[in-house]
Structures are given as C-alpha cells and as structure tokens.
Amino acid sequence: MPPPIPDRRLEPDAGLKPTLEDIRQAAQRIAGQVEATPFLHSRTLSQIVQADVWLKFENLQFTSSFKERGALNRLSKLTAAERARGVIAVSAGNHAQGVAFHAQRMGIPTVIVMPRFSPSVKVERTRGFGAEVILDGETFDEARKKALELARSRGLTMVHPYDDMDVIAGQGTVGLEMLTARPDLQCLCVAVGGGGLISGVAIAARALQPDIEIVGVQTDRFPAMYAGFKGVTMPCASATLAEGIAVESPGTITSAVVRRLVNDVVLVGEGDIEHAIVLLLEIEKTLVEGAGAASLAALIRHSERFRGRRVGLILSGGNIEPLVLADILERGMVRAGRLARIRVTIRDVPGELARAAAIVGQAGANIDEVAHQRAFTTLPAMNAQLEMQLQTRGPEHIEQVLQALRAAGLPADLYAG
C-alpha cells in the first residue's frame, strides 16, 4: 500500500513565490514562442501499470526540453543593459540549449558552462545556437562554480537553471497546461534534479487542484532532493544515464517549495530508466532521454502507489546520445528475451557447426554472431563450444531453440556470463 498522503494544500496566504499569478503571466509572456505540447492518454501504458496514464510531451519542444519555458521567461525580463552585457548559464545540456536558442533569437550574447561529461549532442546543439560553450568540471556543481566566476569577471547576468523565481514560474506553465486540459488529474509524477520543474508545477497544481498528489522522482545515483526531503544523508555517484537530473545540490528556493507542496519523493534505478526509455520508444513512438523517462520509471517501479489513479507524467526531455540509445535498445532486447546468447557443445569434426546453425535456423531464430572455441574450455579433446548470439521472439522461443538443439544431441544452455 502507498504511504498516507500528507496534507499539502496551498493556502492563499502561504507566502510561496512564485505565485499562480506569476505562472499565468509567464504563460502569457512565452505564448507563441514555445510549444503548447500535447498532453495525451496512453492506453497501453495504462494497461501495463494499471493506472490512467497521461503524458505531457515536453520532448517535442524545439530544443526537446521543457527548459525553454523557464529560460525564455527569465530572458524576457532582462533590462536593456543586462541584455547588452549578455548572460551566462550552467547546464548539463537542456537548460543550455533553451537559453542559447532564445538568447540568439533576442540578440543577447550568451556564455554556457557545461560539465565535461555532457552529451556531445547537447554540446553541439548549444554551440549551434551561437553560444560560447565552455566545458569545465566533472559534475554540474563543479561547472556551476566556474560559471559564477565568469559571471563576476565578465559582468554577465546568471540565468540559473532552477533556483530562480522567473525560471520556476516559466517551468510552472507545464503544470498549468496539464491541469487546464485535465482538471481531474489525481496525481503528478515529476522528475527532480535541482527542483525547478517540480516547484513550478507544484505551485500551479496546488492552486488549481488542492487535493492532487505530487510525487518527485530521482535516480538513486543522485538522490540529493530525496535525501533532503526524507531527512537522511545519501552520497551521489559520479554519473547517471539521467544526466539531466544529476544535481548534487538542489536549490534553496526549490527545496523549500518541495518540502511545503510535494507529497513524496521516490527513487528509481538505472535499469528502471532504461526500461522506460524502451517502452516509450516502442509503445508511444517517442524518444526521451534518461531524465525524461524517470517519471514513467517511477510508475513501473512503484506501481502499487499509483494503481487505479489518473496520473500525469512529464516527458521532460528528448536529447539522448545515439550510441547511448543504441546500447539501451540492445540491453532492452536482452531483458525482453528478444536477443539471447547460448552455448552449444559440439564434436570438433567437419559439418557440426553447420548442423548446429541449421537447427537454430529451423527453430526460427536468426544468428547474429557465432564464436567457435576449442582451447579455452573445460571440454574433453575433440569437442568444441559454440557461443551464438540469436535474435528470438521472446523467452519461450529461446527455450524452444535450446530444446531443438538438445533433441539433436547437442547440449545447449543460455549463456549469462
């Protein structure tokens, strides 16, 4: 059973900033300059997690992320002098692109500091928007220190990725659109890094639907907001597939909003995120990055707490390295039993390899790779071991292939090493 939901109603005099009115003004300010992205029901995902699942496709923004909203709202409020001097931002990629794209449109000089591990697809797209990109630091927090130094030395205005009232108000327009389209939502599940998105969404959602449950999601490799929310100490790792939410130090403003308005924060693992990316690609035909898949990963991993409820998910970004995606898809095929590696023992005589391959083919599997090993085995002399990588239809089909080989006198098993 899910934990009891604490009272998180937003009283009119709660004193939280930004307010719903700030978010509504931000929506007017950015209207026509960012996409009012689709918010659609997923019948298949609803069946899988046994909840009523609605998806907000923020990966369909021009820069493939919700970050455009907050960046544009902040840039739109700069003074003429601030615009002339220029701006600086620190980001693992999505905020960088949002700032660079809209600053280029507005004629504002831009410097972006990104961690050295940032995906090259995000780095190159940011440069493509005319920004000066500086790669510095192994983590977001190390890059932030460099950005603060440059802001002081060059007189640039910092456009913070999350701990800024105008940025938070811009991100809150996502929640405004979701609750306007579906005022009967019972729960929102939102990925959390520094906390800008969940803060803005929570303020809008609480004001429009006081009883709604708001659940934040972090990767267990970067659980800073989770640890603060739970009052525990947890270390951060060096890297995660969800680099968009790999933040070691959440914002001061955002942490206060999360403590006040968010019901719970949960953790997901790297495998959960991989699985969610594959599901969204296969079922919804939409590409998301690790952080963008975190909310669906939470529904899968913590399905009991969402079961039977109408849940809104934000697919927050779609910028993922092609090679990383290829690796995730291949690993997903292994988990689904559609890609398997088997070991087959054969006599080391002419024709035996061909016989084994023919049996596999007759069983309906396709051989991707085959390795023939004589020396590095514990088998007796005059025997050899084959390692075959197969394309199959699933776990039952793998077992059928193994049974066919065994019936022909060829010992075979699934290779897990």
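Before reading further, recall that the structure is shown in the block above.
Quick summary incoming for the structure in this document. All of these numbers come straight from a predicted model, not from anything done at the bench. (Residues numbered from 1 in each chain as written. Predicted model: local features only at pLDDT ≥ 70, side-chain atom pairs only at ≥ 80, totals over all residues. Heavy atoms only, no water.)

Backbone hydrogen bonds hold the strands of a sheet together, and the pairing may be parallel or antiparallel. Within the open sheet, the 4 strands sit side by side as β12-β13-β11-β14. Their pairing is antiparallel. Where the open sheet ends on each side, the last strands, each with one partner, are β12 (366-373) and β14 (412-414). This sheet shows a mean twist of 20° between the axes of neighbouring strands, independent of strand direction. Sheet analysis places strand β11 (residues 339-347) next to strand β13 (residues 383-391), joined by 9 bridges and oriented antiparallel. The residue of β13 that forms the bridge with Ala340 is Leu390. Seen against the sheet, helix α17 (residues 395-407) touches β11, β13 and β14 and runs at an angle of roughly 160° to β14. (Pairing = 2+ DSSP bridges. Helix = DSSP H or I, 4+ residues; strand = E, 2+ residues; numbered from the N terminus. Axes fitted to C-alpha atoms, helices over the stretch in contact; angles between N-to-C directions. Contact = heavy atoms within 4.5 Å.)

On to the pattern of salt bridges. Side-chain pairing between opposite charges can occur once the charged atoms of the two side chains come close. Inspection of the entire model under this criterion finds 27 salt bridges. Between Glu274 and Arg335 there is a salt bridge, with its nearest N and O atoms 3.2 Å apart. Of this pair, Glu274 sits in helix α12 (residues 270-283) while Arg335 is found in helix α15 (residues 322-335), placing the two residues 61 residues apart along the sequence. Across the pair Arg355 and Glu352 runs a salt bridge whose closest N-O atoms are separated by 2.9 Å. Of this pair, Arg355 and Glu352 both sit in helix α16 (residues 352-362), 3 residues apart, which is roughly one turn of that helix. In the salt-bridge network here, residues are joined through shared partners; they are Glu213, Lys230, Asp264, Arg305 and Arg309. (Salt bridge = Lys/Arg side-chain N within 4 Å of Asp/Glu carboxyl O.)

This next bit is on the environment of Gly332. Mapped onto the elements of the fold, Gly332 is located in helix α15. Taking the C-alpha atoms as reference, Gly332 lies 9.7 Å from Ala276; in sequence the two are 56 residues apart.

Residues of strand β3 (residues 87-90) alternate between two faces, with Val87 and Ala89 on one and Ile88 and Val90 on the opposite face, all of them buried. You can see the chain leave β3, run along helix α5 (residues 94-106) and come back into strand β4 (residues 110-114), and the turn it takes is right-handed. When β3 meets strand β6 (residues 157-158), the two strands line up parallel, connected through 2 bridges. Within β6, the position partnered with Ile88 by the bridge is Met158. (Buried < 20%, exposed > 50% of the residue type's maximum accessible area, 1.4 Å probe, protein only. Right-handed = clockwise from strand over helix to strand, strands pointing away.)

Let us look at the nonpolar core. In this structure, Ile277 and Leu299 are the most contacted members of the largest nonpolar core, which totals 37 residues. The greatest single-element share of this core, amounting to 6 residues, is contributed by α12. Once you skip the residues sitting within four places of it in the chain, Ile277 turns out to touch Leu241, Val288, Glu289, Gly290, Ala293, Ile320, Leu325 and Ile328. Counting 35 residues, the second largest nonpolar core, distinct from the first, contains Leu16, Leu197, Val257 and Val258. (Core = buried A, V, L, I, M, F, W, Y, C linked by side-chain atoms within 4.5 Å.)

Don't take any of this as a statement about function, it's just geometry.
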